[in-house]
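# Close look at the chain arrangement
One letter stands for each residue in the lines below.
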Amino acid sequence: MGCVVAKVAVSKAVYAIDKPYDYLVPAALEDRLRPGMRVLVPFGAGNRGSDGIVLALHQQESGGGLKAVTAALDEEPVLDRHGLQMALWMRERYFCTVYDAVKAMLPAGLYYALRDCVKLTADREVAYEASQGSVAATKLVEMLLVWDGQGEMEQIRAGFGPKDPAPAIRYLVERGAAEIVTSAQRGVGDKTEKLAVLAMPSEEAMALVTPRRKTAPLRYSVTELLCQLGAASAKELCYFTGASMPTIKSLEKSGILTLEQQEVFRRVQLDDVPPKPLPQLNEEQQAALEGLDRLCRAEKPAVALLYGVTGSGKTQVYIRLIQQVLDRGGSAMVLVPEIALTPQLLRVFAAHFGQEIAVLHSSLPAGERYDEWKRARSGKARVVIGTRSAVFAPLRNLSLLILDEEQEGSYKSENTPRYHARDVAKYRCVQENALLVLGSATPAVETMYSAREGVYHQFTLTQRYNQKALPQVHIVDLKEELREGNGGAISGLLAREIGDNLTRGEQTILLLNRRGASRMVSCGECGEVPQCPRCSVKLTYHSANGRLMCHYCGFSQPLPHACPACGGKLNFIGVGTQRVQEELEERFPGVEVLRMDSDTVTAAHSHEKILEQFRSGKAPILLGTQMVAKGLDFENVTLVGVVLADQSLFMDDFRAGERTFSLLTQVVGRAGRGEKTGRAVIQTFTPDHDVIRFAARQDYEHFYQQEIQLRRLRREPPFRDVFVLTASGPEETGVLRCCVKLRQALEGALAHLNQEWELLGPAPAAVAKVNNRYRYRLTLSTKNCRGVRELLGRLIAQAHQDRENRGISVYGDLNPY
DNA sequence: AGCACGCCGACT
DNA sequence: GTCGGCGTGCTC
């Protein structure tokens, strides 16, 4: 007698034991179940429910000893053959489980939150009867009766406190008084922002929390703040008071506030955008279009670099190219960096493709994201535009994939699976025989290298839009400024230029590198700088809420009145945007300075609103971090100032030069987009640094020449790949021991490797401790090949299973930074 | 990682 | 004599 067996990638299987597990398909599901559908299966000794995805189905003589699939979670496959293949590819390349990859590929709205519940199967008396003999079981019965006979595992754990409820549950289950059920419910996830609204008159609310002000200070502070505001996002409440989500939740339970779903990213209305005729192209653009279109129609997949200086009209080429793809019945995808996905950009595309567009963005509300995903899958939308994760969008007949600003770091995921959208895009284009277009004014060194080597096709746009000259750039030596007694953030020259702009009624953009934008406090007496108790970083001061905060773990505390160590007076150090703003207001009294950084960008004051305010010309100066450098086209901006160019230059990673060059080039290009010629001022402590000089001249060619030589010399990408293995755990010695062991195992295995390699470490990570976990890393530089990936995968799994490594987690990352 | 099975000390 | 401590070993 034959039976159907499903190979399933299981969610609860961690990396070390991740493999396809065989499950019997019950007769009732035999006709319905297909590969790519998610299922609910029992897993582990406790047969707890786990979700999984069917990788394959096959006939087998007997299914002896196999467990059976509990239920199908989908009506239709959520991944096709290519999708499943890609998940397997991601596992090998990014050292994640197959299901981790699957989760990254599916929209959050489709994600099932699995809840284990304990359900009483007997009535009140019988249940009590059965629980006789175990105090804990009796307590559990009482708890469950209060909750109408059923309770979630989380609730029960909370109710039991430090005691483990598992034995009590087993006790009842064995006696047939209860059962464990796993329910799959579409989870909304915590991605969407919750809006807290005061649920009663403020006097009443305050009366409720005031008596316990001493014992529950956070509840008090949150309520107090909410009374003032009436409504605020839960995130903001936490930010300003230092509370965390449980506090808010408990206030909700007490009926003091209610939580409502709020859309983080308002779905941009694209219905009312008037259609536009196709853009006219100049000769260069036309040549690029024709070349790209030829590649797109070719039998074989290809990669092309569209290298065009800022303002050379890459977008027009994209639009024409997409139109031709649509005319042939294909579909296309445009990926942009996180910060570049603005309503303006969406409108440009909507003007040409209208309802054919689906927008996929990680901060879209889960429901809408799911809708857009479905529109793409059904073929209703044939142009997907989105950020990193949109690379997985279920488009059919994909024939063109555009990665704009391909050098941007936001294409690399910093969480499991640590994929790079460029790599995934490349893989996908090969799978589906599509053309991959990498667009950039400052391509990643690896990309340009491939283009020069003839691996990628290259198309170049050299002419700036309406033939505008590049801005005049001045480099200011801040050492010189210091010698002349100006220790402020704004040099004499920059101040004069700003002054000129003010009198002329023209606008100025000032950029502060994020790394330098943090502001710390330091004791004037003993020099102490308050540090995060859980992480090895200094706390940074946020004036918006008057607190010292940790950017790594979210810890925060009110700014102390005096030094906690010696009682001395605290001074502010570091040049933050706030500090520059103050300095500007001093120098130019009465002039409005718009500030844009992660502090000022909140639910109420979005990115877009600030930019709109600036665009309308109300404020003469816009000051901000990286976000001001990207894709802003303002007619009236004639001056760009880089307050401090050095910060990103002296990081200890090989991409520092490339990133600095790209950032400076982009921001300098922001000056003079309109009729008037622009100027730029770059302030730096290292005015002779080549990267800064090349960027000032917008000279990518020489920057590239120098950088590629350096990379060759140092054996960095593209000549080799970098694998970083990071171990983290609560005890430093254990983590270190784990790394040393890993290193030894690696060295042994690498000895037989038939290619060059170099192994560094263990060394503490740049931030050695995060959330009370110490982090050490090994760095292996060698050419990325299957052998190395398999070796590393094996070693990570091994480390995971090592008894000595309890509590330590190890992960691998390919070409991080 | 979880979770069960299994073998030793503090209580009814 | 049992409840419950945490030391090994497996997960279809």
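Lining the immediate environment of DNA strand C, one finds Ile-17, Lys-19, Tyr-21, Asp-22, Tyr-23, Pro-42, Phe-43, Gly-44, Leu-66, Lys-67, Gly-133 and Arg-803. A share of 43% is what sugar and phosphate atoms reach among the atoms of DNA strand C within 4 Å of the protein. Tyr-23 has a polar side-chain atom sitting 3.2 Å from a phosphate oxygen of DNA strand C. In this structure, a phosphate oxygen belonging to DNA strand C sits 3.1 Å away from a main-chain N or O atom of Gly-44. Mapped onto the surface near DNA strand C, the elements with two or more residues apiece are strand E2 (21–24) and strand E3 (38–43). Looking at the surface near DNA strand C, the element that brings in the most residues is E2, giving 3 residues. Class assignment of the residues belonging to the surface near DNA strand C gives a composition of 6 nonpolar, 2 polar and 4 charged.

The subject of this paragraph is the nonpolar core. If you look at the biggest cluster of nonpolar residues, it comprises 91 residues, and the most contacted ones within it are Ile-53, Met-90, Leu-335, Val-384, Phe-392, Leu-401 and Leu-622. By size, the runner-up hydrophobic cluster in this structure holds 38 residues, among which are Val-273, Ile-319, Val-325 and Leu-461.

Before going further, it helps to examine helix H16 (residues 445–452). Buried residues dominate H16, accounting for 7 of its 8 residues. Of the residues making up H16, those classed as buried are Val-445, Glu-446, Thr-447, Met-448, Tyr-449, Ser-450 and Ala-451. If you follow the buried residues of H16, they end up packed against strand E12 (302–308), helix H15 (421–431), strand E17 (435–440), strand E18 (457–461), helix H21 (656–668) and helix H23 (700–714).

Quick look at the protein's contact with DNA strand B now. As a structural note, the neighbourhood of DNA strand B is formed by Ile-17, Ala-45, Gly-46, Arg-48, His-800 and Gly-807. When the atoms of DNA strand B within 4 Å of the protein are sorted by group, sugar and phosphate make up 92%. Residue composition of the surface near DNA strand B, grouped by class: 2 nonpolar, 3 polar and 1 charged.

If you trace the backbone, Phe-650 turns up in the loop between strand E28 (637–644) and H21. Take Phe-650: its relative accessible area is 53%, and that puts it in the exposed class. Taking C-alpha positions, Phe-650 is 24 Å from Ile-339, a pair spaced 311 residues apart along the chain. For Phe-650, the residues in contact, after removing those within four places along its chain, are Thr-686 and His-689.

Turning to the confidence of the model for chain A, a few remarks are in order. For any part of a model where pLDDT is low, the fine detail of the predicted coordinates should not be relied upon. Confidence along chain A averages 88 in pLDDT terms, with 94% of residues attaining 70 or more. Segment residues 187–191 is flagged for pLDDT under 50; beyond a separation of four residues in sequence, or across chains, it makes 8 contacts in the model.

Along its 13 residues, helix H14 (residues 366–378) runs 18 Å from first to last C-alpha, staying within 8% of the 18 Å computed at 1.5 Å per residue. Once H14 finishes, Gly-379 follows within two positions and takes phi at roughly 90°, a positive value.

Right, let's talk about the sheet that holds strand E33 (residues 809–814) for a bit. Read from one edge to the other, the open sheet built from 4 strands follows the order E31-E32-E30-E33, with strand pairing classed as antiparallel. Whereas interior strands pair on both sides, the edge strands pair on one side only; in this sheet they are strand E31 (757–770) and E33. When strand polarity is set aside, the average angle formed by the axes of neighbouring strands in this sheet is 20°. Strand contacts of helix H24 (residues 732–750): strand E30 (721–729), E31, strand E32 (773–782) and E33, with the helix running at about 15° to E32, the strand carrying the most contacts. Here helix H25 (residues 786–801) sits on the sheet and contacts E30, E32 and E33; the angle it forms with E30, its principal contact strand, is near 5°.

About the criteria used
- Residues numbered from 1 in each chain as written.
- Chains lettered and ligands numbered in written order.
- Predicted model: local features only at pLDDT ≥ 70, side-chain atom pairs only at ≥ 80, totals over all residues.
- Heavy atoms only, no water.
- Near = heavy atom within 4 Å.
- Polar contact = N/O pair within 3.5 Å; in protein donor to acceptor, adjacent residues only side chain to side chain.
- Helix = DSSP H or I, 4+ residues; strand = E, 2+ residues; numbered from the N terminus.
- Nonpolar A, V, L, I, M, F, W, Y, C, P; charged D, E, K, R; others polar.
- Core = buried A, V, L, I, M, F, W, Y, C linked by side-chain atoms within 4.5 Å.
- Buried < 20%, exposed > 50% of the residue type's maximum accessible area, 1.4 Å probe, protein only.
- Contact = heavy atoms within 4.5 Å.
- pLDDT = per-residue confidence, 0-100.
- Expected span 1.5 Å × (residues − 1).
- Pairing = 2+ DSSP bridges.
- Axes fitted to C-alpha atoms, helices over the stretch in contact; angles between N-to-C directions.

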